[in-house]
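Topology and contacts: notes
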Amino acid sequence: MADKAIDDLMLENRKFPPSDAFKRRALITDTGLYDDGNADYEGFWARQAADLLTWSKDWHTICEWNLPFSKWFVGGELNVAYNCLDRHVLAGRGDKVAFYWEGEPGDSRVITYAELLAEVSKFANALKSLGVRKGDRVNIYLPMIPEAAVAMLACARIGAAHSVVFGGFSSQSLSDRINDAEAKVLITADGGYRRGEVFALKPQADEALQSTPSIESVVVVRRGNNPVDMQAGRDHWYHDLMASASPDCPAEPMDSEQLLFLLYTSGTTGKPKGIMHTTGGYLTQVAFTHKYVFDLHPETDIYWCTADVGWVTGHSYIVYGPLANGATSVIYEGVPNYPANDRLWSIVEKYKVSIFYTAPTAIRTFMKWGGEEPAKHDLSSLRLLGSVGEPINPEAWMWYHEHIGRGNCPIVDTWWQTETGGIMISPLPGATTLKPGSATFALPGIGAEVVDDEGKHVSRGGGYLTLTHPWPSMLRGIWKDPDRYRDAYWSRFEGRYFAGDGCKLDDDGYLWLLGRVDDVMNVSGHRISTTEVESALVSHPSVAEAAVVGANDPTTGQAIIAYVILRSGLEVGEGDLRNHVAKEIGAIAKPKTIYFTPDLPKTRSGKIMRRLLRDVAEGRNLGDTTTLADANVVNELQKRASEAPSED
Ligand code: PRX
């Protein structure tokens with residue numbers, strides 16, 4: 001399996017140094033920061049923490065490192081909401097716009113820092129009135145509306161940890177996450193807009209709430225105006241709570257290591273992991289990276305990250321990083337093709353967006369829609385582009401550069417993970433010469449190294465990406481499961497964090513990320529484990545066994561391909577089975593294609609040979625089949641694959 005990930009196939013030699021025009025205004029134009037970070041990474045991060053954030057009490061120790069557990073800025077105290085809101089208002093910037101929010105139907109809201117502070121303070125009081133205390137967990141299941149950011153910041157203000165669940169996840173996924181976190185309150189909405197229609201959220205939440213004993217109260221934001229049931233005593237309308245809440249809620253200083261949030265992500269087993277992030281280190285790194293990777297000039301830039309708050313990108317680069325830096329951001333509620341394929345470009349033009357951050361899967365979709373869509377709009381406000389979520393192929397990079405950046409915007413390809421909390425590998429746009437498809441170098445203060453199977457340093461060619469020392473926004477563990485934390489990240493290579501990604505180093509020392517080398521798929525930039533989809537499939541009464549692989553897909557990066565053995569005498573259609581997976585996990589986990597098969601390729605010891613299934617799905621000649629128990633199985637599957645149509 002791993003040999004595929006470390007193939008060194010690509011040769012891409014185009015180079016794009018920063019232009020003089022860009023450099024003239026850039027925050028960083030030389031390698032000084034790298035020298036600083038490499039000389040003493042702890043001291044480097046301490047300078048950033050002091051420079052970028054406001055602390056109510058100084059730390060006594062920069063980093064306490066008991067491998068694999070780290071604590072940063074130990075003894076220090078600060079409040080995240082204070083850093084994101086109050087201090088900007090106190091400095092006289094209360095009238096500055098924090099968010100331009102654009103609803104899918106075309107409605108919009110403009111929210112200043114002063115308004116956001118008042119809203120967050122009121123909602124923090126509302127949460128208190130529902131019995132939420134420091135250390136409690138609060139679940140958030142919302143569409144892309146400003147209340148999502150308000151809810152997160154209100155939790156941070158009172159020291160409750162939030163756990164945001166992407167609105168596209170099913171009720172089953174929601175209840176699993178609520179129960180694992182033992183959340184006290186759920187914040188949801190009646191519904192939200194998507195593709196011109198209202199999708200109902202509260203009914204999904206109600207289904208989840210049937211099996212979530214820890215939830216005492218539910219707060220419902222009105223957005224879709226769809227009819228919903230409200231359970232007396234448990235359910236409250238957001239606007240009712242806000243009408244009677246006081247706007248006065250002093251930000252209480254929190255310990256630097258106070259749990260800020262949990263965010264669930266897929267690993268190699270069926271059970272999602274509750275990734276833990278804390279306060280001081282997390283905010284330091286997201287503020288630092290947001291400022292320097294995006295070369296932020298908060299007075300003049302209009303910044304737009306198209307992610308959803310349900311993912312880590314939304315946490316770090318829609319909410320915490322931009323607000324800590326006092327930026328003005330755009331938030332958009334809906335899909336990129338409503339009412340037409342040029343919606344995003346009309347938003348760029350409307351708000352004069354200058355920094356635009358999106359995912360390769362979106363860029364490839366824009367490519368399919370054609371260069372004429374962005375050409376309909378004045379995109380001259382753009383000066384910097386970003387990419388995140390999966391490797392960006394050089395063609396997509398070039399298209400992005402030419403059609404969106406009109407040839408004069410640097411592109412920062414940012415590698416990081418839910419677990420890393422913030423960006424780890426990325427260019428600094430005023431200092432780094434770009435190569436299309438390479439995330440270039442580890443940021444200052446970050447130790448990244450490519451190693452071979454034995455953990456030995458690789459200086460050129462393919463290997464595995466590891467991180468060699470702690471960083472401020474690193475995960476503090478997996479909620480309630482320290483052993484899994486150690487096993488999943490720190491056991492493959494001694495003393496190092498193993499990211500699960502393959503990576504190549506070229507002659508100039510540039511890093512080229514090559515995708516996952518474990519059983520985690522990356523579909524449209526979203527992580528989904530093969531095991532999770534397999535368990536969803538076998539939970540259907542007609543399914544006896546299932547094997548799932550991620551196959552290369554020109555738009556979504558990878559597509560989910562399932563091989564299913566039915567129980568004898570039972571039947572189920574492909575469509576029904578796909579819907580069953582959507583119900584169990586969410587629509588993002590629906591297999592693109594399902595092959596029904598009487599058998600699966602297994603080793604003589606009974607292990608499913610996923611590598612062969614991937615070969616079949618990608619129409620490749622089969623590699624080594626000598627360990628196969630029954631070679632006929634694959635021949636049969638290959639025949640089916642060449643005949644079967646696939647669904648989108
Ligand atoms: O495989 C890498 C890929 O996305 C994984 C992390 O997924 P997630 O935790 O959902 O976070 C996504 C947003 C940060 C990584 O292990 N990945 C992310 N960014 C890149 C990437 N692969 C290549 N290049 C990137 N820029």
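Everything discussed here concerns the structure shown above.
Report follows, based on the coordinates.

Right, let's talk about the nonpolar core for a bit. L116, F123, I187, Y320 and V533 are the most contacted members of the largest nonpolar core, which has 154 residues in total. Top element by residues in this core is helix 7 (residues 146-158). It accounts for ten residues. Core analysis: the second largest hydrophobic core is formed by 28 residues, V330, I363, L382 and I404 among them.

A few words on the packing of helix 5 (residues 80-93) against helix 6 (residues 113-129). Relative orientation of the contacting elements helix 5 and helix 6 amounts to 140 degrees, with a least axis distance of 9 Å. Taken together, the axes of helix 5 and helix 6 lie oblique to each other. Crossing of helix 5 against helix 6: the hand is left-handed. Residue-level contacts link C84, L85, D86, H88, V89 and R93 of helix 5 to Y113, A114, L116, L117 and V120 of helix 6. When its residues are assigned to classes, the contact of helix 5 with helix 6 shows eight nonpolar, one polar and two charged.

If you walk through the whole model with that rule in mind, you get 39 aromatic pairs. Centroid distance F16 to W397: 5.1 Å. Interplanar angle 40 degrees. Geometry classified as tilted. One end of the pair, F16, is in the loop between helix 1 (2-5) and helix 2 (20-25); the other, W397, is in helix 16 (residues 394-404), and 381 residues separate them in sequence. Judged by relative accessible area, which is 1%, W397 ranks as buried. Ring geometry for W304 and Y332: centres 6.5 Å apart, planes at 90 degrees, overall edge-to-face. Taken as a pair, W304 in strand 16 (residues 302-305) and Y332 in strand 17 (residues 328-332) lie far apart in primary sequence, 28 residues in all. Judged by its relative accessible area of 7%, Y332 falls in the buried class. Joined through ring pairs, the aromatic side chains of W65, F69, W471, Y485, Y489, W490 and Y497 make up one cluster. When the ring centre of W512 is taken as reference, the NZ or CZ atom of K504 above it lies at 5.1 Å.

The environment of the ligand is made up of 16 residues, and the closest members are D413, T414, T418, D501 and R516. Contacts to the ligand include Q417, whose side-chain N or O atom sits 2.9 Å from an oxygen atom. D501 is positioned with one of its side-chain polar atoms (N or O) 2.9 Å from an oxygen atom of the ligand. Calculation on the ligand without its partners gives an accessible area of 540 Å², and the protein chains cover 97% of this total. Only strand 20 (411-414) and strand 25 (511-516) provide two or more residues apiece to the shell around the ligand. Split by residue class, the shell around the ligand holds five nonpolar, six polar and five charged.

Bringing the pattern of salt bridges into the picture now. The tally for this structure, following the rule as stated, stands at 36 salt bridges. The partner of K273 in a salt bridge is E419, with the nearest N and O atoms 4.0 Å apart. One end of the pair, K273, is in strand 15 (residues 273-278); the other, E419, is in the loop between strand 20 and strand 21 (448-451), and 146 residues separate them in sequence. Residue class for K273 comes out buried when judged on its relative accessible area of 5%. On the basis of relative accessible area, E419 is assigned to the buried category, the value being 1%. Each of the salt bridges in this network shares a partner with another, and the network as a whole consists of K15, K435, D506 and D508.

Turning to the packing of helix 5 against helix 12 (residues 312-324), a few remarks are in order. Closest axis-to-axis distance for the helix 5/helix 12 pair is 8 Å, and the angle between their directions is 50 degrees. In this view, helix 5 runs oblique relative to helix 12, as classed from their interaxial angle. At the point where helix 5 passes helix 12, the crossing takes the left-handed sense. Of the residues in helix 12, those touching helix 5 at V80, N83, C84, R87 and H88 are Y320, L323 and A324. Within the contact of helix 5 with helix 12, the residues separate by chemical class into five nonpolar, two polar and one charged.

Reading the values: rules and limits
Residues numbered from 1 in each chain as written. Predicted model: local features only at pLDDT ≥ 70, side-chain atom pairs only at ≥ 80, totals over all residues. Heavy atoms only, no water. Core = buried A, V, L, I, M, F, W, Y, C linked by side-chain atoms within 4.5 Å. Buried < 20%, exposed > 50% of the residue type's maximum accessible area, 1.4 Å probe, protein only. Helix = DSSP H or I, 4+ residues; strand = E, 2+ residues; numbered from the N terminus. Axes fitted to C-alpha atoms, helices over the stretch in contact; angles between N-to-C directions. Parallel < 35°, antiparallel > 145°, perpendicular 65-115°, else oblique. Left-handed = near helix turned anticlockwise from the far one by under 90°. Contact = heavy atoms within 4.5 Å. Nonpolar A, V, L, I, M, F, W, Y, C, P; charged D, E, K, R; others polar. Phe/Tyr/Trp six-rings, centres within 6.5 Å; stacked < 30°, edge-to-face > 60°. Lys NZ or Arg CZ within 6 Å of the ring centre and 35° of its normal. Near = heavy atom within 4 Å. Polar contact = N/O pair within 3.5 Å; in protein donor to acceptor, adjacent residues only side chain to side chain. Areas by Shrake-Rupley, 256 points an atom, 1.4 Å probe, with all protein chains shown as cover. Salt bridge = Lys/Arg side-chain N within 4 Å of Asp/Glu carboxyl O.

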